[in-house]
Amino acid sequence: MGFPGCLLLPAGHPLGRSSAACTGAGNTRIPILLAWLWDAGISEVAQLRLVNGPSRCAGRVEVLHSQQWGTVCDDSWDLQDARVVCRQLGCGTALSAPVGAHFGQGSDRIWLDDVNCAGTEAALSSCRARPWGKNNCHHGEDAGVVCSEVAQLRLVNGPSRCAGRVEVLHNQQWGTVCDDSWDISDAGVVCRQLGCGTASSAPGGARFGRGSDRIWLDDVNCAGTEADLTECRARPWGENNCNHGEDAGVVCSDADISEVAQIRLVNSRSHCAGRVEVLHNQQWGTVCDDGWDLQDAGVVCRQLGCGTALSAPGGARFGRGSDRIWLENVNCTGTEAALSDCRARPWGDNNCTHGEDAGVVCSDSGISEVAQLRLANGPSRCAGRVEVLHNQQWGTVCDDSWDSQDAGVVCRQLGCGTALSAPGGARFGRGSDRIWLDDVNCTGTEAALSDCRAQPWGENNCTHGEDAGVVCSDAGISEVAQLRLVNGPSRCAGRVEVLHNQQWGTVCDDSWDLQDAGVVCRQLGCGTASSAPVGAHFGQGSDHIWLDDVNCAGTEVALSSCRARPWGEYNCHHREDAGVVCSGNLHP
């Protein structure tokens, strides 16, 4: 013990007290007047350890009694108890007091139970507890501790100590970590180091706000097995090509933010666009579009690190889910860090179907044109000339290879139902700005026109006389009713007239043939074409001549789908009015 009547302790230890009776260079000797310490038969200093953790300052609490190490039961174990352990071991302050054998189960004695520290004690043995070895516990209840000196690492500006912006201490100064190559393996090391469980997500882009001090680490590349972030490969301290807009963050499983990173966007070519799905009770499910808006979508985009929200499509725009509908009446203020922070009905409580599944398109999706699409110069928003917005400028689409599949994608994107026709030839008038797209080739399953194959933006060999159009089923225009045969023996034979701009007009017979007539007959439900008479066979009309140089492939569902000059452009007169005789209903 150093010399009779004194206990030898390291210099500067919190239990050390000098006295006239006990002195010694480099050490402090205290008179053995502390009955509680002598009666315990042990010096708790150095008779305490943290095992199975990432460092000596984090792990399962073990104490030495009767020459045998044993654990501490987690009954009533809390941060005050942990604080005493950290102080006793010279490990700083307590970050957490994990329970439930967080650092694994011990195999020897359980020495202490119902530990109740005031938080000011210098040693764990000073705290109130049951007598040594008396407990009603098992090793599944072994107590743990994580101290601040485990590493010079912290998560700040988050909802809990286990989620936030990553900061490391170097040269006595806190600084951030750049998100270059930052991933879930790196985040996992942080979470384990802090005793925060596993990593739920590794958000970049200063998700938890921008730091203001040094950026200490960049290009961090952890294998995932390291015990400390500083063991991971990275650039030298302070070397980076970053700004604080790239500060890395972490959300750990013990953050009590169960839904962070438990969200995904599916059924799209990008992870930043698609049907919203959330994980609850280990099952993925959808979100109902009741009340779904751009603010709600913004929270999803921010949570996923996908930038800002471009659109919040409802109506199962990205297809119908097949599992649970987890959320309805979501109402975000727009500032939440996670969708689960927003107001909503209780989980699973809804009056929706999967036809109402909510979607999101974020700015980082690479689908910049979603919702940047319109149909112009038509009778309704669901019919007209196709225009897309690119580089802040609206422009048209060339009709080269434009067909019903392409039109179907436009109608679905705009929530206008299915495609009735895909008229080319500037049927809805000529645009005057850029021609943005040419040779569009959709498979028909795309969620947006910008997902379809096409020439690069602005590259085309077209004129505005080739501007593409679309008529969707929700346009309130049945193309069948926009066509008639007049002055003939029945409704299935006569002069061809079409309705445009609320006015009936004729069709010029230039290039008029049996294929064109066949489309008319099919559209009117009049069978096949028997003939395509020209030269005003059924008399001359008196109103507009609406169409000229009609050129149908023969497979179109409506005359308006056929190639032709723009509406009202012609070099004809009424003695060239086209006619049709169909096989059906030849007699009145």
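Residues numbered from 1 in each chain as written. Predicted model: local features only at pLDDT ≥ 70, side-chain atom pairs only at ≥ 80, totals over all residues. Heavy atoms only, no water.

Undergrad: Which parts of the structure should I look at to understand the overall build of the protein?
TA: Scanning the protein from terminus to terminus reveals six helices and 32 strands. Expressed as a percentage of the 588 residues in the protein, the buried residues total 52%. Carbon and sulfur atoms form 46% of the exposed surface of the protein, whose accessible area is close to 25,400 Å². (Helix = DSSP H or I, 4+ residues; strand = E, 2+ residues; numbered from the N terminus. Buried < 20%, exposed > 50% of the residue type's maximum accessible area, 1.4 Å probe, protein only. Areas by Shrake-Rupley, 256 points an atom, 1.4 Å probe, with all protein chains shown as cover.)

Undergrad: What is the right way to read the side chain of Asp 296 from this model?
TA: With respect to the helices and strands, the residue Asp 296 is situated in helix α4 (residues 294-303). In this structure Asp 296 is buried but unpaired, with Arg 302 as the nearest side chain of opposite charge at 9.7 Å. Apart from residues no more than four positions distant in its own chain, Asp 296 is found in contact with Gly 291, Val 330, Asn 331, Cys 332 and Leu 339. (Lys, Arg positive; Asp, Glu negative; His and termini not counted. Salt bridge = Lys/Arg side-chain N within 4 Å of Asp/Glu carboxyl O. Contact = heavy atoms within 4.5 Å.)

Undergrad: Quick question: what am I supposed to make of the pattern of salt bridges here?
TA: Pairs may arise between side chains of opposite charge once their charged atoms sit close together. Counted by the stated rule, this structure contains 20 salt bridges. Two residues, Glu 62 and Arg 60, come together in a salt bridge whose shortest N-O distance is 3.0 Å. Like Arg 60, Glu 62 is buried. Residue Arg 565 is joined to Asp 548 by a salt bridge in which the shortest nitrogen-to-oxygen separation is 4.0 Å. Here Arg 565, found in the loop between β31 (544-547) and β32 (579-582), pairs with Asp 548, found in the loop between β31 and β32; they are 17 residues apart in sequence, far enough to count as distant. You can call Arg 565 partly exposed: its relative accessible area is 29%. For Asp 548, a relative accessible area of 0% translates into the label buried.

Undergrad: Help me understand the environment of Arg 56 in this model?
TA: Relative to the assigned elements, Arg 56 resides in the loop between β3 (48-55) and β4 (58-65). Residues Arg 56 and Cys 91 lie 35 residues apart in sequence; the distance between their C-alpha atoms is 8.4 Å.

Undergrad: In this structure, what is going on with the state of the cysteines? I would like to understand it.
TA: Linking two cysteines covalently via their sulfur atoms produces the bond known as a disulfide. A full pass over the atoms with the stated rule returns 16 disulfides. Bridging Cys 73 to Cys 137, the disulfide has an S-S length of 2.0 Å. Given an S-S torsion of about -85°, the disulfide between Cys 73 and Cys 137 has left-handed geometry. Taken together, the residues Cys 73 in the loop between β5 (68-72) and α2 (79-89) and Cys 137 in the loop between β7 (109-112) and β8 (144-147) connect sequence positions 64 residues apart. Summarising the burial analysis for this pair, Cys 73 and Cys 137 share the class buried. Cys 332 shares a disulfide with Cys 342; S-S distance 2.1 Å. Residues Cys 332 and Cys 342 are joined through a disulfide that is right-handed, its torsion about the S-S bond being 105°. Here the residue Cys 332 occupies a position in the loop between β19 (324-327) and β20 (359-362), and Cys 342 occupies one in the loop between β19 and β20, the gap between them amounting to ten residues. When sorted by exposure, Cys 332 lands in the same class as Cys 342, which is buried. (Disulfide = S-S within 2.5 Å.)

Undergrad: Would you take a moment to explain the nonpolar core for this structure?
TA: What tends to happen in soluble globular proteins is that the nonpolar side chains get buried as a cluster. Counting residues in hydrophobic clusters, the biggest one holds 26 residues, and the most contacted among them are Val 507, Trp 512, Leu 547, Val 550, Leu 559 and Val 580. Sorting the residues of this core by element identifies β27 (483-490), β28 (493-500), α6 (514-523), β31 and β32 as the ones contributing at least two each. Contact partners of Leu 547, with chain neighbours within four places excluded, come to Arg 427, Val 498, Thr 506, Val 507, Cys 508, Leu 559, Ala 564, Arg 565 and Trp 567. Within the second largest apolar cluster, 24 residues are counted, among which are Val 61, Ala 82, Leu 89 and Val 115. (Core = buried A, V, L, I, M, F, W, Y, C linked by side-chain atoms within 4.5 Å.)

Undergrad: Even after reading the chapter, I still don't get the side chain of Gln 303, so can you show me in this structure?
TA: Structurally, Gln 303 is set in helix α4. Classification of Gln 303 as buried rests on a relative accessible area of 6%. Of note is the side chain of Gln 303, whose polar atom sits 2.7 Å from the backbone nitrogen of Leu 339. (Polar contact = N/O pair within 3.5 Å; in protein donor to acceptor, adjacent residues only side chain to side chain.)

Undergrad: Got a minute to help me understand α4 in this structure?
TA: An α-helix turns once per 3.6 residues; consequently, residues spaced three or four apart project the same way. Where burial is concerned, most of α4 is hidden: seven out of the ten residues are buried. Within α4 the residues assigned to the buried category are Asp 296, Ala 297, Gly 298, Val 299, Val 300, Cys 301 and Gln 303. Where α4 is buried, its residues contact β15 (263-266), β16 (273-280), β18 (309-311) and β20. One side-chain oxygen of the residue at the start of α4 lies 3.1 Å from the amide nitrogen of Gln 295, identifying that residue as Asp 293. Of the residues one or two after α4, Gly 305 is the one with positive phi, at around 70°.

Undergrad: Help me understand the confidence of the model for the protein, please; the structure alone is not making it clear to me.
TA: When pLDDT is averaged along the protein, the result is 81, and 86% of the positions lie at 70 or above. Segment residues 1-46 is flagged for pLDDT under 50; beyond a separation of four residues in sequence, or across chains, it makes 65 contacts in the model. (pLDDT = per-residue confidence, 0-100.)

Undergrad: Any chance you could explain the packing of aromatic side chains here in plain terms?
TA: Aromatic ring pairs are reported here in terms of the distance separating the ring centres and the angle at which the planes meet. Inspection of every chain in the model, using the stated rule, returns four aromatic pairs. Judged by centre distance (6.1 Å) and plane angle (80°), the ring pair of Trp 546 and Trp 567 falls under edge-to-face. One end of the pair, Trp 546, is in strand β31; the other, Trp 567, is in the loop between β31 and β32, with 21 residues separating them in the sequence. Using a relative accessible area of 6% as the deciding quantity, one classes Trp 546 as buried. For the cation-ring pair, Arg 264 lies above Trp 284, with the distance from its terminal atom to the ring centre recorded as 4.0 Å. (Phe/Tyr/Trp six-rings, centres within 6.5 Å; stacked < 30°, edge-to-face > 60°. Lys NZ or Arg CZ within 6 Å of the ring centre and 35° of its normal.)

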